[in-house]
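Overview (structure and organization)
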Amino acid sequence: MELCLFVVPGEAGKRFNKFPGRKNHLPGDSQGCMGSFLNQKKQDRVQTIRKQMIELLDKREVSAREISQTLKIREKEVYAHLSHISRSVNAQRKKLIIIPAECLECGFVFEKRKRFTRPSRCPHCKSEHIQNPVYRID
Ligand SMILES: [Zn+2]
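What you see is a predicted model; the values in this text were computed from it and never measured. (Residues numbered from 1 in each chain as written. Predicted model: local features only at pLDDT ≥ 70, side-chain atom pairs only at ≥ 80, totals over all residues.)

1. Details of the nonpolar core
So the rule is basically this: In this description, a nonpolar core means buried residues of the types Ala, Val, Leu, Ile, Met, Phe, Trp, Tyr and Cys, linked to one another by C-beta atoms lying within 7 Å. Counting other C-beta atoms within 10 Å of its own, a residue is labelled buried from 20 upward, exposed at 12 or fewer, and partly exposed in the gap between, with every C-beta atom placed from the backbone. The helix and strand labels rest on DSSP assignments: H or I over at least four residues marks a helix, E over at least two residues marks a strand, and numbering proceeds from the N terminus. It is the C-beta atoms, placed from the backbone, that decide contacts: two residues are in contact if theirs lie within 7 Å.
Counting nine residues, the largest nonpolar core is built from Met53, Leu57, Ala64, Ile67, Val78, Leu82, Ile85, Leu96 and Tyr135. Put simply, the parts of the chain that give this core at least two residues each are helix 2 (9-59), helix 3 (64-71) and helix 4 (75-90). The dominant element in this core, judged by the number of residues it contributes, is helix 4, at three residues. Those residues within four positions of Val78 in sequence are excluded, and the remaining contacts are Ala64, Ile67, Ser68 and Ile73.

2. Comments concerning the environment of Arg121
Checked against the element boundaries, Arg121 lands in the loop between strand 3 (102-103) and strand 4 (130-131). Sequence separation between Arg121 and Cys103 is 18 residues, and the spatial gap between their C-alpha atoms is 8.0 Å. Contact partners of Arg121, with chain neighbours within four places excluded, come to Lys126, Ser127, Glu128 and Ile130.

3. Digging into the environment of His81
Among the secondary structure elements, His81 is positioned in helix 4. The spacing of His81 and Val46 is 35 residues in sequence and 8.3 Å in space, taken between C-alpha atoms. With residues up to four places along the chain from it excluded, the contact list for His81 reads Ile49, Arg50 and Met53.

4. Some thoughts on the environment of Ile49
The residue Ile49 is located in helix 2 in this model. You can call Ile49 partly exposed: it has 18 C-beta atoms within 10 Å. Setting aside its immediate chain neighbours within four residues, Ile49 contacts Leu71, Ile73 and His81.

Structure follows, in structure tokens:
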């Protein structure tokens, strides 16, 4: 007999509306809480690292390697943070300045390079003696 209720349009509509809401509420909520709790911790860590990076960059020119050694994070992470920092300091009317990498053999400057990572070899003389780019906040 109960099954009949499902085919009554009004009742079916009600059930349909209620069901996904309740379903999301129970398991979804607890999972959501746990998820955001963990994300929050991760976020805090990220924020701390970025804050420390900004402090370093504010004081003097530093290379990604120096940052990674000072903050004990991987160089790869440094680059990821740098692109975020570049955007967030813009909001404070500051600027993340990139002093471009330079070829130590022929002096070629990698000025047009948009990415933060270090180029591996010089397009001019093919040398791999490339000076790391350095960064600072102005
Ligand atoms: Zn070169």
